[in-house]
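Secondary and tertiary structure notes
Listed below, chain by chain, are the residues.
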Amino acid sequence: MSKSSPPPGTSDIFADEVTAWLELENTARRVFSLYGYGEIRTPIFEFTEVFQRGLGNETEVVQKEMYTFEDRGGRSLTLRPEGTAGVMRALSGTEAMNGVEQRVFYMGPMFRGERPSAGRRRQFHQIGVENAGKVSPELDAESIAMLAHYLNEVGAGGFELLINTRGVKEDRGPAEAALREHFAAHIDEMCEDCRNRLERNVWRILDCKQECCRKHIDNAPDAASLFGESSRDYFKRVCDMLTTWNVPFKVEPRLVRGLDYYVHTVFELTHTALGGQNAIAGGGRYELTVPGFNKPVQGVGFAAGMERLLMVREAAGRMAPAGVTPDVFLVSLGEKALAYNGKLAGDLRNAGVSVALEYEPKSMKSQMRSADRLKAKNVLILGETELESGVAVLKNMADGSQKTVPFNEIQVELTK
Ligand code: HAM
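Described below are features of the structure shown in this document. (Residues numbered from 1 in each chain as written. Predicted model: local features only at pLDDT ≥ 70, side-chain atom pairs only at ≥ 80, totals over all residues. Heavy atoms only, no water.)

1. Overview of the side chain of Glu358
The condition that has to hold: Helix and strand definitions follow DSSP, with helices as H or I runs of at least four residues and strands as E runs of at least two, each counted in order from the N terminus. Two N or O atoms form a polar contact when they lie within 3.5 Å of each other; inside protein one atom must be a possible hydrogen donor and the other a possible acceptor, and for residues adjacent in sequence the pair counts only when both atoms belong to side chains. Contacts were defined at the residue level, with two residues in contact if any of their heavy atoms lie within 4.5 Å.
The residue Glu358 is located in the loop between β13 (355-357) and α12 (364-373) in this model. Side chain to side chain, Glu358 and Ser370 meet in a polar contact 2.6 Å long. Contacts of Glu358, omitting those with residues within four sequence positions, involve Phe329, Leu338, Ser366, Gln367 and Ser370.

2. Some words on the site of the ligand
For clarity, the threshold we go by: Residue proximity to a molecule or strand is established when one non-hydrogen atom of the residue lies within 4 Å of it. Surface accessibility in these figures is a Shrake-Rupley result with a 1.4 Å probe; residues are shielded only by whichever protein chains are displayed.
Lining the immediate environment of the ligand, one finds 26 residues, of which Glu82, Thr84, Glu114, Arg121 and Tyr262 sit closest. Note that an oxygen atom of the ligand is positioned 2.9 Å from one of the side-chain N or O atoms of Arg112. At 3.0 Å from an oxygen atom of the ligand is found a main-chain nitrogen or oxygen belonging to Ile280. Protein chains shield 95% of the accessible area of the ligand, which is 660 Å² for the free molecule.

3. Thoughts on the pattern of salt bridges
Rules: When a carboxyl oxygen of Asp or Glu lies within 4 Å of a side-chain nitrogen of Lys or Arg, that pair is called a salt bridge. Throughout, exposure labels follow a simple rule: accessible area from a 1.4 Å probe, protein chains only, divided by the maximum for the residue type, with under 20% read as buried, over 50% as exposed, and the rest as partly exposed.
In total, this model carries 25 salt bridges according to the counting rule given. Among the ionic pairs, Glu23 bridges to Arg313, the shortest N-O distance being 2.8 Å. Of this pair, Glu23 sits in helix α1 (residues 15-34) while Arg313 is found in helix α10 (residues 306-315), placing the two residues 290 residues apart along the sequence. Judged on exposure class, the residue Glu23 and its partner Arg313 are both buried. Between Arg103 and Glu101 there is a salt bridge, with the nearest N and O atoms lying 2.6 Å from each other. The exposure class assigned to Glu101 is partly exposed, which follows from its relative accessible area of 28%. Bridged by salt links that share partners, the residues Glu23, Arg313 and Arg318 form one connected network.

4. Examining α10
For α10, the tally of buried residues reaches seven of ten residues, placing the bulk of the element in the interior. For α10, the set of buried residues is Met306, Glu307, Arg308, Leu309, Leu310, Val312 and Arg313. Summarising the contacts, the buried residues of α10 are in contact with α1, β6 (123-132), α5 (137-153), β10 (279-288) and β11 (297-305). In the segment just after α10, Gly317 is the residue with positive phi, at about 75 degrees.

5. Remarks on the packing of α1 against α5
This is how it is decided: Think of each axis as a best-fit line through the C-alpha atoms, taken over the contacting stretch in the case of a helix, with angles from 0 to 180 degrees between the N-to-C directions. With respect to orientation, any angle under 35 degrees is reported as roughly parallel, any angle over 145 as roughly antiparallel, any angle of 65 to 115 as roughly perpendicular, and every other angle as oblique. What makes a crossing left-handed is the near helix being turned counterclockwise from the far one by less than a right angle; a clockwise turn instead makes it right-handed. Nonpolar residues are Ala, Val, Leu, Ile, Met, Phe, Trp, Tyr, Cys and Pro. Charged residues are Asp, Glu, Lys and Arg, and all others, Gly as well, are polar.
Between α1 and α5, the least distance of the axes is 10 Å, while the angle of their chain directions is 140 degrees. By the angle between their axes, α1 is oblique relative to α5. Along this stretch, α1 crosses α5, giving a crossing that reads as right-handed. Between α1, through Leu24, Thr27, Ala28, Arg30, Val31, Phe32 and Leu34, and α5, the contact on the second element is made entirely by Met146, His149, Tyr150 and Glu153. In terms of residue class, the contact of α1 with α5 is made up of seven nonpolar, two polar and two charged.

6. Points about α1
Definition in use: Between the first and last residue of a helix there are one fewer steps than residues, each counted as 1.5 Å, and that sum is the expected span.
Compared with the 28 Å implied by 1.5 Å per residue over 20 residues, the 29 Å span of α1 between its first and last C-alpha is a close match. Those residues of α1 lying buried are Thr19, Ala20, Trp21, Glu23, Leu24, Thr27, Ala28, Val31 and Phe32. Packed against the buried residues of α1 are β5 (102-111), β6, α5, β11 and α10.

7. As for the sheet that holds β6
The cut-off we apply is this: In short, DSSP must find at least two bridges between two strands for them to pair.
If you walk across this open sheet you meet the eight strands as β1-β5-β6-β11-β10-β9-β7-β8, and the pairing is mixed. Each of the sheet's edge strands pairs with one partner strand only, and the pair in question is β1 (38-39) and β8 (250-251). With two bridges joining them, β1 and β5 adopt parallel strand pairing. Pairing of Glu39 across the sheet is with Phe105, part of β5. Across the face of the sheet, α1 comes into contact with β1, β5, β6 and β11 while running at roughly 0 degrees to β6. Where α5 meets the sheet, it contacts β5, β6, β7 (160-165), β9 (262-270), β10 and β11, and its direction lies at approximately 15 degrees from that of β11.

8. Some thoughts on the side chain of Ser332
Relative to the elements of secondary structure, Ser332 occurs in strand β12 (residues 328-332). A distance of 2.8 Å separates a polar atom in the side chain of Ser332 from a polar atom in the side chain of Asn341. Contacts of Ser332, omitting those with residues within four sequence positions, involve Ala337, Leu338, Asn341, Lys362, Gln367 and Leu382.

9. Quick look at the packing of aromatic side chains
Any pair of aromatic rings gets described here by the distance separating the centres and the angle formed by the planes. Formally: A pair of aromatic rings is counted whenever rings of Phe, Tyr or Trp (Trp by its six-membered ring) have centres within 6.5 Å, and the orientation is called stacked for planes under 30 degrees apart, edge-to-face for over 60 and tilted otherwise.
Applying the stated criterion across every chain, the model contains eight aromatic pairs. Plain terms: the ring middles of Phe32 and Tyr150 are 5.4 Å apart, the flat faces sit at 50 degrees to each other, and that makes the pair tilted. On the criterion of sequence distance, the pair formed by Phe32 in helix α1 and Tyr150 in helix α5 is long-range, its members being 118 residues apart. Residue classification places Tyr150 among the buried positions, given a relative accessible area of 0%.

10. Examining the nonpolar core
Applied cut-off: We define a nonpolar core as any set of buried Ala, Val, Leu, Ile, Met, Phe, Trp, Tyr and Cys residues linked to one another through side-chain atoms lying within 4.5 Å.
Ranked by size, the top nonpolar core spans 42 residues in total, and within it Phe32, Tyr150 and Leu151 carry the most contacts. A per-element tally of this core places α5 first, with eight residues. When residues no more than four places from it in sequence are discounted, the contact partners of Leu151 are Ala156, Gly157, Phe159, Leu269, Ile280 and Leu309. Ranked by size, the runner-up nonpolar core spans 29 residues in total, among them Val50, Met88, Met97 and Ala132.

What follows is the structure in structure tokens.
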């Protein structure tokens, strides 16, 4: 059957797929609560400046990918392209701004106007975590360990964890100058985007995937080694803590991440089961500017892409839990049985039994087909004879066994 498609880069998620989504969500709630995190729900759209100021005007997301529109009062609004900026806007009303730690997680749709491909959507879903208010390398390591814990529990193990440091902003001068000098010498052979990045944001060159740029990126100076001692010590403490917690990682000196708010630790988890878009999750420590405040909010966190988590689980052969199936399908043979079953369905549902039935007269065969399609656990067959005798036939669909049950025991039988 053909169907009307949703806009490119978006998907409908049907009931039989939702069970896997619920498993991702409920596992997140369980694992994150072990670390003291509570759920926060923020709006799906924010004032545009929340993202412009929070993510930085130079980021690709802000420059090219935001869904921005005007509200009736002429204010510019944007569908959230990620969760951190909105969550920090919400937490700016808490003690997080005064250095009191806040632990929150969130899940839901994000929107980026990217070119759709496998694993790259325009509406996608993230499960994210933010720890705001305090700065400590152990908190960064804990955030990474919690993400690894979650991925293992949810059936997305086998990932590779890449980490790096961006240092603090005051520390970046010498490294930035060294990078600029290196790339300036080769810029004629590099892509147009990188030519623009050379002056505007040289770090972003490290992220370029173009073949013509790769060899110059591979030969670039190791920026982290040019950072000051305190930045390097901070990073060492993150790595030491991960080792203590037995979280395997690989230091990737070229990892910069696409958002400008990062300082110190950055990380990305990749999986070979994914194609070109191989990041299941990413995050790091940040200093994020919230409109209305002079001082940035400090935090560390991550987000995992739910569509990509599902792809990894599927590749690993993880079965989604079964969807909702009725405890019983009531087959009605004749008008009187239909009326009786209508009342019975109400009573059974009030008693916590899930019931399916059809309200128009149908043949036995057609109703049994419906019961099969819905994967009903039992079928109760009721016709003139049963109404007269007060006893119905209950068929167990898993093993095919049948028994006769007096009407007044149907509920007890089905709630056993
Ligand atoms: P991000 O790396 O932009 O980070 O996104 C995190 C994850 O979301 C990615 O690793 C990927 O799995 C998924 N994702 C991103 N874009 C798409 C897309 N177009 N289609 C499908 N999946 C996608 C952030 O968003 C930061 N806010 C993470 C963070 C939280 N940093 C600190 N706290």
